Amino acid sequence: MTSPTLEPHEVEDPSLTFPRPWGNWGLRTVAGLYLGAMILLPVAAILHSGFEQGLRHFWQSITQPIAGRALYLTLLTAGVTTLINAIMGTMAAYVLVRHKFPGQRILNAFIDMPFAIPTLVTGVMLVILYGPQGLFGEWFTLHGIEIVFAKPGIILALLLVTYPFTVRSVQPVLLAMSLDQEEAAYTLGASRWTTFWRIVLPSIFPAILTGSLLTFARAIGEFGSIVVVSGNIPGRTLTAPVHIFGLIESEDRTGASAISILLLSLSFTLVLLVDWLQKRREAARGRI
Amino acid sequence: MAEFETEPRLTGSESRRFSLPVVLVLLYTALLLLAPIVAISWGALSSGLGVAYNALSSADALHALKLTLILGVSASVFNAILGLCTAWVLVRDKFWGQSLLNGLVDLPFAISPVIAGLMLILLFGRGGWFEALPDALGMPIVFALPGMFLATAFVSLPFVVREVMPVLRHLGTEGEEAAYTLGASRWQAFWHVTLPAIRWGLLYGVSLTFARALGEFGAVLVVSGGVSGMTETATLFIFRSMDDRNYPAAYAMALVLALISFGLLMLIELSKSKIRER
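Definitions and cut-offs
Residues numbered from 1 in each chain as written. Chains lettered and ligands numbered in written order. Predicted model: local features only at pLDDT ≥ 70, side-chain atom pairs only at ≥ 80, totals over all residues. Helix = DSSP H or I, 4+ residues; strand = E, 2+ residues; numbered from the N terminus. Rg over C-alpha atoms; globule rule 2.2 N^0.38 Å. Buried ≥ 20, exposed ≤ 12 C-beta atoms within 10 Å, placed from the backbone. Contact = placed C-beta atoms within 7 Å. Nonpolar A, V, L, I, M, F, W, Y, C, P; charged D, E, K, R; others polar. pLDDT = per-residue confidence, 0-100. Axes fitted to C-alpha atoms, helices over the stretch in contact; angles between N-to-C directions. Parallel < 35°, antiparallel > 145°, perpendicular 65-115°, else oblique. Left-handed = near helix turned anticlockwise from the far one by under 90°. Expected span 1.5 Å × (residues − 1). Domains from an automatic or database assignment. Core = buried A, V, L, I, M, F, W, Y, C linked by C-beta atoms within 7 Å.

Draft legend 1. Geometry of the overall build of chain B. Secondary structure assignment for chain B yields 15 helices and zero strands. The C-alpha radius of gyration of chain B comes to 24 Å, more than 25% above the 19 Å expected for a compact globule of 278 residues. For chain B, the spread of C-alpha atoms along the principal axes amounts to about 75 × 55 × 30 Å. Looking at chain B residue by residue over its 278 residues, the buried ones come to 46%. The long-range fraction of contacts in chain B, counting pairs at least 24 apart against all pairs at least 6 apart in sequence, stands at 76%.

Draft legend 2. Inspection of the overall build of chain A at higher detail. Within chain A, the regular secondary structure consists of 15 helices and zero strands. Here the C-alpha atoms of chain A give a radius of gyration of 25 Å, more than 25% beyond the 19 Å that 2.2 N^0.38 yields for 288 residues. For chain A, the spread of C-alpha atoms along the principal axes amounts to about 80 × 65 × 35 Å. Across the 288 residues of chain A, 43% fall into the buried class. In chain A, 75% of the contacts between residues at least 6 apart in sequence involve partners at least 24 apart.

Draft legend 3. How the structure looks around the interface of chain B and chain A. Taken together, the contact pairs 81 residues of chain B with 80 residues of chain A. Split by residue class, the side of chain B that touches chain A holds 58 nonpolar, 15 polar and eight charged.

Draft legend 4. Representation of unusual backbone geometry within the structure. The backbone of Phe149(A) shows a phi angle near 65 degrees, a positive value even though the residue is not glycine. One can find Phe149(A) in the loop between helix H9 (137-142) and helix H10 (151-176). Although it is not a glycine, Phe143(B) adopts a positive phi angle of roughly 60 degrees. Among the structural elements, Phe143(B) can be located in the loop between helix H8 (133-137) and helix H9 (145-155). Judged by the 18 C-beta atoms lying within 10 Å of it, Phe143(B) falls in the partly exposed class.

Draft legend 5. Summary view of the confidence of the model for chain A. Residues and elements named next belong to chain A. Taken over all residues, the pLDDT of chain A has a mean of 86, while the share at 70 or more is 91%. By mean pLDDT, helix H1 (residues 8-12) is the weakest element of chain A at 40, and helix H5 (residues 65-98) is the strongest at 95. Contacts of residues 1-17 to residues separated by more than four positions or lying in other chains number 10 contacts, the stretch itself having pLDDT below 50.

Draft legend 6. Here's a closer look at the packing of H10(A) against helix H2 (residues 20-45) of chain B. H2(B) packs onto H10(A) with a crossing angle of 115 degrees between their chain directions and a minimal axis gap of 10 Å. The angle between the axes of H10(A) and H2(B) places the two elements in the roughly perpendicular class. At the point where H10(A) passes H2(B), the crossing takes the left-handed sense. Contacts between H10(A) and H2(B) involve Leu159(A), Leu160(A) and Tyr163(A) from the first element and Leu32(B), Leu33(B) and Pro36(B) from the second. Considering only residue class, the contact of H10(A) with H2(B) consists of six nonpolar, no polar and no charged.

Draft legend 7. Focus on helix H10 (residues 158-171) of chain B. Residues and elements named next belong to chain B. For H10, spanning 14 residues, the distance from its first C-alpha to its last is 20 Å, which sits close to the expected 20 Å at 1.5 Å a residue. Considered for burial, the residues of H10 that qualify are Pro158, Phe159, Val160, Val161, Glu163, Val164, Met165, Val167 and Leu168. In this structure, the buried side of H10 is in contact with helix H4 (59-92), helix H5 (98-105), helix H6 (107-110), helix H12 (186-215) and helix H15 (247-277). Looking one or two places after H10, you find glycine 172, whose phi comes out positive at around 75 degrees.

Draft legend 8. Representation of the environment of Phe58(A) in the model. Residues and elements named next belong to chain A. Along the chain, the position of phenylalanine 58 falls in helix H4 (residues 54-63). Along the sequence, phenylalanine 58 and isoleucine 259 sit 201 residues apart, while their C-alpha atoms lie 8.5 Å from each other. If sequence neighbours within four positions are ignored, phenylalanine 58 has contacts with Gly50, Phe51 and Ala258.

Draft legend 9. Quick look at the domain arrangement of chain A. All names here are of chain A. Domain boundaries assigned for chain A yield domain 1 (1-51) and domain 2 (58-287). If you average the C-alpha positions of domain 1 and of domain 2, the two centres end up 37 Å apart. The interface of domain 1 with domain 2 comprises five residues on the first partner and seven residues on the second. Across the side of domain 1 that touches domain 2, the residue classes tally to three nonpolar, two polar and no charged.

Draft legend 10. Looking closely at the environment of Trp187(B). Secondary-structure assignment places Trp187(B) in helix H12. Between the C-alpha atoms of Trp187(B) and Pro158(B), which are 29 residues apart in sequence, the distance is 24 Å.

Draft legend 11. Highlighting the nonpolar core. Of all hydrophobic cores here, the largest spans 164 residues; its most connected members are Val124(A), Leu118(B) and Ala254(B). The two domains that each donate at least three residues to this core are domain 1 (1-51) and domain 2 (58-287) of chain A. Setting aside anything within four residues of it in sequence, one finds Ala254(B) in contact with Val121(A), Val124(A), Ile40(B), Ala44(B) and Ile238(B).

Draft legend 12. Focus on the confidence of the model for chain B. All names here are of chain B. With 94% of its residues at a pLDDT of 70 or more, chain B shows a mean pLDDT of 88. Counting contacts from residues 1-15, a segment whose pLDDT is below 50, to residues more than four positions away or on other chains yields 15 contacts. For this predicted complex, the interface score ipTM comes out at 0.87, while the overall pTM is 0.88.

Spelled out as structure tokens, the structure:
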């Protein structure tokens, strides 16, 4: 502090440029305690509770007819949602990056809306629109199409809640892609569709996969928007998270924990897979 | 073919303004995202502003809004401070077990909110691991405000860490090193150099945290017991009103939350564009 001139070795020695010693341990402890107490401990508690009464009981809990149907419904609706989202999300990302049209910026900002709006409010909105007395609902009821209190309502809710995932995963990759190859294809007389199919799609496929995995992971846990839309009829429109809620209400903690463990390990595996895919992509980019 | 004057047109960007994919995407987005927004406004205001106002000025509604704001602000502050420390440790530090910590951060994204609520009951409820803690502290945790705070903080935990990390990595260490070389203390370097540089990333993370906290429903439903006028948040108020078929109240509150979300969305977009400028 006193003299502005520095001894040469002071700059080179990293331990002096960063005043470290125990300061780092302080922050490490804070971060470790934060994540340990807020995340690790609760997860340990649920694992303990699910397996407390033995593996057999765990197996019985997840293979009960109602639980099985709920899990099947959750996986089915999440799967359909992921598929539609992959197609429409990719198209939206492509249009946002490669096209120019009025209202583009508004559309771009609007896509984040599901991140900001409470999922329960999403559910209420869908009931107002498609419920029996809803704005569109009356027309659908007249034509014998059930939306609310049926599978289409669940899928609609999931589509709304997960809309940004694929778009936001594909968009940056498209932005970073150079136009050379596409232009070459156009020059050679390829149509827009051929160019997309043969040139663009192969390069953005990993990003679509990442977005889809995130969509699926989010969809199998969704609760707020589904609970008001689906009607929660056991065996028909009761999804796994809503079933867990029912089990908690009826004080069956072991059963609730067992199904929770199943859902949790599935979605966490997907999230880890996404992490791994992204690291691989970054490594590949680093090599080029 | 040899001349490339037509090059920009070849990419086809400006040739057709409303080509089929554009129309499809606009229609899809309008049906999926815009129609519900119109519907909620119509639902809340169709029977008149007076009805909506009355529904919202009941003591229960006001209390629910207040509770939601308290939980949103406290969870945001909590996660902002600790999330910042965690992001710093994950980016700047190197130690054994670091990648484990990094993986843990994403867990709340993968956990259904209902499961998050269940975890807290398993920890602090009757027969739980820390059953004795509420008595020792002299305050209830489950079915009370502390449990709701923990639930809200849990589900919104990853945002600050995940949004600050890339900004911090991008920033590099030169500024901080310069500050240290000039004799700044660790705290001074953070406060005068690092924090101003990452402020938009932090704001982005915090606004996402706040939005998530404001709208949290599943975890809070499980943990709160939902006593109206006591442990009822705005989302729980909507849920109960729907159950009681008190639709004007449910729709009015839903509209209020939607409007707050829109304000937050603008903040989110602003901070995102500021991050990109850097």
